[in-house]
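Residues per chain are reported as follows:
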Amino acid sequence: MLRVAIVGASGYIGGELLRLLHGHPRVTVVAATSDRLAGRRVDGPHPNLRGHTDLCFVGHHTLENTDFDVLFLAAPHRETMGRMAEYLKLARTVIDLSGDFRLRDPEVYASYYGVAHAAPQLIPEFTAGLPEWHRARLATSDRIAVPGCMATAGILAVRPLALGGLIEGTVRVDARTGSSGSGVSGGAAGAHAERSGALRVFAPSGHRHEAEIAQATDRTVRMTATGVEAVRGVQVLCHVKLAPGVSEKEVRSAFRAAYGDEPFVRVIAQRQGLYRLPEPKILTGSNFCDVGFAVSADDGTAVLVGALDNLVKGGAGGAVQCMNVRFGWPERTGLEFFGLHPN
């Protein structure tokens with residue numbers, strides 16, 4: 001059994017890591033940090049864990065001089081990079097869920113996060129935590145940076161066509177996300193009275209996940225992000241111009257070639273039915289990302305759709321999948337739940 005620890009375990013992503021890892025047959029969670037809640041049981045902020053663990057939070061400083069097999073980092077953006085040198089001494093494998101090591105160019109990072117990168121020399125050591133496209137590297141990497149939730153959906157939706165030369169011009173992403181995407185400390189905008197019934201455009205341009213999609217697809221990307229009333233879930237609509245002569249059949253073939261053998265990506269592009277295109281509602285709690293498309297033959301455009309649970313495939317589940325790849329285990333280990341319907 002591998003000994004794993006979670007830094008920043010009191011938040012929503014931390015809670016999902018605890019849930020998934022406590023159900024994983026090959027690991028034992030030996031530490032979960034929260035300076036604010038040190039000494040308290042983890043099933044306080046995460047009541048779904050009642051009866052499954054007696055683990056208590058510990059302060060971050062207690063990890064010093066301790067060795068783990070895997071360290072999951074669910075700490076805030078901008079904070080993680082300053083402590084990364086310290087974290088790398090604690091574990092053989094470090095899996096980071098913050099945004100601090102996702103972007104390869106420190107200048108791009110500074111433009112999207114508003115601060116200079118504190119450890120640019122460490123960026124090249126990290127592998128993008130998206131097994132569908134980086135499985136070979138992940139199998140030998142001990143430094144992994146898991147993409148953001150909307151970025152994961154966008155990359156999985158756009159990359160097959162981008163790499164195949166089937167699209168041209170700017171990719172325009174219309175992203176929608178549930179309230180859990182703002183985290184436990186979402187502020188006034190996350191309050192029920194403000195969120196209920198709202199369709200709030202919180203990032204009309206320049207969302208940081210825009211840069212991740214652009215990096216992974218080698219396309220210019222413009223992204224708008226809207227908060228919707230759901231608690232969980234991400235859906236992205238990626239508007240693209242098809243290259244001259246590209247048919248719907250070629251689009252479908254590109255998706256099937258990319259994801260036909262993938263355990264957690266399903267191509268959903270049907271002509272009728274309530275769920276004929278990817279819908280996050282039925283993915284709650286699962287590690288699936290559904291992708292699909294709709295082609296407008298009259299003007300040569302297409303809408304590429306991606307949907308996932310932002311806390312699972314877009315966060316903790318993606319991190320656990322990366323761990324499974326790294327240690328040569330079946331990728332579905334600990335990730336067998338496949339969603340609910342109706343939900």
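Just so we're clear, the structure is a prediction, and the values are computed from it rather than from any experiment.

Chemist: Is there a simple way to explain the pairing of strand E7 (residues 167-177) in this structure?
Modeler: Strand residues, when the strand is regular, have side chains that alternate between the two faces of the sheet. Note: E7 against strand E10 (residues 234-242), eight bridges, orientation antiparallel. Bridged to threonine 177 within E10 is valine 234. As judged from the seven bridges shared by E7 and strand E9 (residues 221-227), these two strands associate in the parallel manner. Directly across from arginine 172, in E9, lies its bridge partner arginine 222.

Chemist: Whenever I open this one, the sheet that holds strand E6 (residues 143-145) confuses me. Can you help?
Modeler: Backbone hydrogen bonds hold the strands of a sheet together, and the pairing may be parallel or antiparallel. Strand order in this open sheet of six strands is E2-E1-E3-E4-E6-E5, and the pairing throughout is parallel. Of all strands in the sheet, those bounded by a partner on one side alone are strand E2 (27-32) and strand E5 (127-128). Of the pairings in the sheet, the one linking strand E1 (residues 2-7) to strand E3 (residues 68-73) comprises four bridges and is parallel in character. Bridging across to E3, valine 4 finds its partner in valine 70.

Chemist: When you look at helix H4 (residues 131-138) in this model, what are you seeing that I'm missing?
Modeler: Within an α-helix, residues lying three or four positions from one another point in the same direction, as the helix has 3.6 residues per turn. Taken as a whole, H4 has its buried residues at Pro131, Glu132 and Leu138. An end-on view of H4 places all buried positions within 65° of arc, on one side of the element. Packing partners of the buried residues in H4 comprise E5, E6, helix H5 (149-163), helix H8 (248-259), strand E11 (265-267) and helix H9 (312-326).

Chemist: So what exactly am I meant to see when it comes to unusual backbone geometry here?
Modeler: Leave glycine aside and you will find that most residues have negative phi; peptide bonds, for their part, are mostly trans. Residue proline 342 follows histidine 341 across a cis peptide bond; omega there is -5°. Take proline 342: it is sitting in the segment after H9. Phi is positive for asparagine 65, close to 60°, though the residue is something other than glycine. Along the chain, the position of asparagine 65 falls in the loop between E2 and E3. Non-glycine residue arginine 78 carries a positive phi angle of around 75°. On the secondary structure map, arginine 78 appears in the loop between E3 and helix H2 (80-87).

Analysis parameters
Residues numbered from 1 in each chain as written. Predicted model: local features only at pLDDT ≥ 70, side-chain atom pairs only at ≥ 80, totals over all residues. Heavy atoms only, no water. Pairing = 2+ DSSP bridges. Helix = DSSP H or I, 4+ residues; strand = E, 2+ residues; numbered from the N terminus. Buried < 20%, exposed > 50% of the residue type's maximum accessible area, 1.4 Å probe, protein only. Arc of directions from axis to C-beta. Contact = heavy atoms within 4.5 Å.

So, to be careful, I would describe these as geometric facts and stop short of saying anything about function.
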